[in-house]
Amino acid sequence: MRRELDAVGEVREGATPVPGWVSETAGWSVALLLALAVIVHLAATDRSWMLYYDSETVLPALVRGSVAAGQPQAWALSAVLFIPEMGLYFAVAALGLGIKGTFAAVGVANFLLLYGSLRLMSGLLRPEWRRGRRIAGALAAFGVVVLLTLFEDSSRWDSFELASLLATSTFYSMTVIASVLSTALAAPLARAATRRRRGVLELALLGVAAVSTLTNPLYLGWEAIPLVLVFGLLAWRGAVPWRTFGRLTTVLAAGAVLGLLGRIPFAPLITKDGPAYANPGNPLGTLIYYARLLLDRTSNLLGALELIAVLVLLLVAIIAFRRSVASADGPAGIVAGMAWVAPLVVVVGMVALGGVGTRYFQPVFFAPLGVVVLAPGLFSEGSLVRRLSRRSLTVVVAVLAVASLGASALAALAVRGSAEAMDPDVRCVDTWITASHRTGAGRFWTIRGPKAYLADPRQLVQVDSSFGAYPWLTDRSDYRSQNVSFVLSDAQYPAPPLPAAVTDAPRQTVECGRYTITDFGSEVLTLGAANPKATP
């Protein structure tokens, strides 16, 4: 009987192994195809607006445009610094794909990073499985995310269409990936391991926690606190030693402290920190707000199916957790516990704190993926694999990889086509503004899409609902000049009240589809002072 020495040094009987690089190539090829399918779907639906033009999505393009224009970098940011997201965007933008092409490529990269995290989870969680089963577990979990994304097709960012937010750079994609990665690194700590292996895992977890807290403190509520709770629960049930719970808590606490200390140099950029988002005095109002959004999401078939799928995953996670505790399977217990504890902590915490924004609920969609990674353990490896020779199995896997890469090439062409097609209304606005060689103003929700695609983004500055400066997620150096000559409005957000001095001033109107340009011909409009309590 043939014997195989696998990647973790275990000897198995009766194995017909495929070369590791062939299996991994096939897995990544399928993941690439699925990631491209997500972007093709988003680009073909109303959700393309959220991906390419939405007010918050375009922040990385605005930052890069400001740098290219030579502006002093004096940004007004939220509590989230988007450090890894910006790094990825700038790296992809260096390829010269254009702004839409860069957004599309970043979306693909984000999904591939999620697959890589799931693949690491399957490898660390079940090292005793054959490589093919570990790859299948990661692909199964990744496939669930892709399926959920295909249920999402509206242009709204503030809805319970949360799986597709991973394709963007500004809806906490790296925090989602860091959460999955942290669970992958923490789960193996629940089993006996060598001191060196434990040290490597703890050091890696410390690094992820520190960087994630630095760039987005939401990581603490999404991952660190739930992870401590799950380890504590398993320690209480005897599935994990209390010493392991203590070490895990220390690592996460140290990472959090390092991350929070690292935020101090960035304080001048942060205009609204974490506590400013909370409104704990009205939990009932917050609950009603989210209930209405849930009802809205379930009012169509795709939305109802998506939420049912998520609910099923949560129920499966609870069952898997109980079985893992009963069998004293610590690593599986950690993953299954995080699959339902993290969503519970997030939902209860957001309602209690009065936080408004569906994007904060992303762990409800992504935390249960760990249970899917375990799914191959429910099935035997099957007689087919045992009957196939090594050569035959290698050919099958290689053909799968080649077919996936071929299909990916076709999908990439479709993505490229959509990335080259500029929204005609945005193009109309940008063409007029560029030709005018002047500067105009508009409200936050209106101008950010056109501003991101302008050759010189300094030609549009954002104002609040009272025509005062509105330095929010923008470069404050935009306001060096207080006078503008035109106002940009759109069908959804009308122009703010104009200064009284121009009430009777002559003007002309330019229509660009959903947008309207009110042009005064010269810089007669004076911006008001910034008001910290102003609304966009």
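Here is a short report on the structure shown in this document.

The rules we used
Residues numbered from 1 in each chain as written. Predicted model: local features only at pLDDT ≥ 70, side-chain atom pairs only at ≥ 80, totals over all residues. Heavy atoms only, no water. Phe/Tyr/Trp six-rings, centres within 6.5 Å; stacked < 30°, edge-to-face > 60°. Helix = DSSP H or I, 4+ residues; strand = E, 2+ residues; numbered from the N terminus. Buried < 20%, exposed > 50% of the residue type's maximum accessible area, 1.4 Å probe, protein only. Core = buried A, V, L, I, M, F, W, Y, C linked by side-chain atoms within 4.5 Å. Contact = heavy atoms within 4.5 Å. 1 Å grid on protein atoms, 1.4 Å probe; cavity = no way out; pocket = protein on both sides within 12 Å on 5 of 7 lines; lining within 4 Å. Points joined across faces, edges and corners; volume = space filled by probe spheres on them. Nonpolar A, V, L, I, M, F, W, Y, C, P; charged D, E, K, R; others polar. Salt bridge = Lys/Arg side-chain N within 4 Å of Asp/Glu carboxyl O. Disulfide = S-S within 2.5 Å.

Quick notes on the packing of aromatic side chains
- Evaluated as defined, the whole model comprises 22 aromatic pairs.
- Aromatic pair Tyr-172 and Trp-222: ring centres 6.1 Å apart, planes at 70 degrees, arrangement edge-to-face. Here Tyr-172 is found in the loop between α6 (131-150) and α7 (173-186), whereas its partner Trp-222 is found in helix α9 (residues 218-236), with 50 residues between them in sequence.
- Judged by its relative accessible area of 6%, Tyr-172 falls in the buried class.
- For Trp-222, a relative accessible area of 3% gives the class buried.

Some thoughts on the nonpolar core
- Formed by 150 residues in total, the largest nonpolar core has its most connected members in Ile-39, Leu-114, Leu-118, Phe-142, Leu-205 and Phe-365.
- Here the element with the most residues in this core is helix α5 (residues 98-125); it accounts for 13 residues.
- Apart from residues lying up to four places away in sequence, Leu-114 is in contact with Phe-142, Val-145, Leu-166, Ile-177, Val-180, Phe-366 and Leu-369.
- Formed by five residues, the second largest nonpolar core is a distinct cluster that contains Val-18, Ala-26, Val-397 and Ala-401.

A look at empty space enclosed by the protein
- For the structure shown, the criterion picks out two cavities of 30 Å³ or more.
- In this structure, the largest cavity occupies an estimated 160 Å³ of space.
- Looking at the largest cavity, it is lined by 16 residues, and the ones nearest its centre are Ser-179, Val-180, Glu-223, Phe-366 and Ala-367.
- Broken down by secondary-structure element, the contributors of at least two residues to the lining of the largest cavity are α5, α7, α9, α13 (330-353), α14 (362-366) and α15 (369-373).
- The element that contributes the greatest number of residues to the lining of the largest cavity is α7, accounting for four residues.
- Looking at the lining of the largest cavity residue by residue, the class counts come to 12 nonpolar, three polar and one charged.
- In this model, the second largest cavity occupies a volume close to 40 Å³.
- Together, Leu-62, Ser-66, Gln-71, Trp-75, Lys-451, Pro-457, Thr-474, Asp-475 and Asp-478 line the second largest cavity.

Description of the pattern of salt bridges
- In this structure the tally under the stated criterion is 15 salt bridges.
- The closest approach of N and O atoms between Asp-296 and Arg-156, which form a salt bridge, is 2.8 Å. Placement of Asp-296 in helix α11 (residues 283-297) and of Arg-156 in the loop between α6 and α7 is noted, with a sequence separation of 140 residues between them.
- Residue classification places Asp-296 among the partly exposed positions, given a relative accessible area of 38%.
- Residue classification places Arg-156 among the partly exposed positions, given a relative accessible area of 34%.
- For the salt bridge of Glu-161 with Arg-297, the shortest nitrogen-to-oxygen distance reads 3.8 Å. Taken together, the residues Glu-161 in the loop between α6 and α7 and Arg-297 in helix α11 connect sequence positions 136 residues apart.
- The buried category is assigned to Glu-161, whose relative accessible area is 3%.
- Taken together, the salt bridges that share partners define one network made up of Arg-47, Glu-161, Arg-297 and Glu-306.

Details of the side chain of Thr-518
- Position of Thr-518 among the secondary structure elements: in strand β10 (residues 515-519).
- For Thr-518, a relative accessible area of 17% gives the class buried.
- Those residues in contact with Thr-518, other than ones at most four positions away along the chain, are Ser-485, Phe-486, Val-487, Arg-507 and Gln-508.

A word on the layout of surface pockets
- Computed from the structure, the largest pocket encloses a volume of approximately 1,300 Å³.
- Lys-272, Ala-276, Tyr-277, Arg-359 and Tyr-360 are the residues nearest the centre of the largest pocket, which is lined by 50 residues in total.
- Breaking the lining of the largest pocket down by element, the ones donating at least two residues are α9, α13 and α19 (444-453).
- The element best represented in the lining of the largest pocket is α13, accounting for five residues.

Comments concerning unusual backbone geometry
- Despite not being glycine, His-437 shows a phi value in the positive range, around 60 degrees.
- By secondary structure assignment, the location of His-437 is in the loop between α18 (424-436) and β4 (440-443).
- Among the residues examined, His-437 registers a relative accessible area of 71% and is labelled exposed.
- Although it is not a glycine, Phe-467 sits at a positive phi angle of roughly 65 degrees.
- For Phe-467, the position within the fold is in the loop between β5 (460-463) and β6 (474-475).
- Judged by relative accessible area, Phe-467 falls into the buried class, the value being 2%.

Thoughts on the state of the cysteines
- The final tally for this structure, using the stated rule, is one disulfide.
- Paired through a disulfide, Cys-428 and Cys-512 show a sulfur-sulfur distance of 2.0 Å. Residues Cys-428 and Cys-512 share a disulfide whose torsion about the S-S bond is about -60 degrees; that sign makes it left-handed. Of the two residues, Cys-428 is situated in helix α18 and Cys-512 in strand β9 (residues 508-512); the sequence distance between them amounts to 84 residues.
- When its relative accessible area of 30% is taken as the criterion, Cys-428 is described as partly exposed.
- A relative accessible area of 2% places Cys-512 in the buried class.

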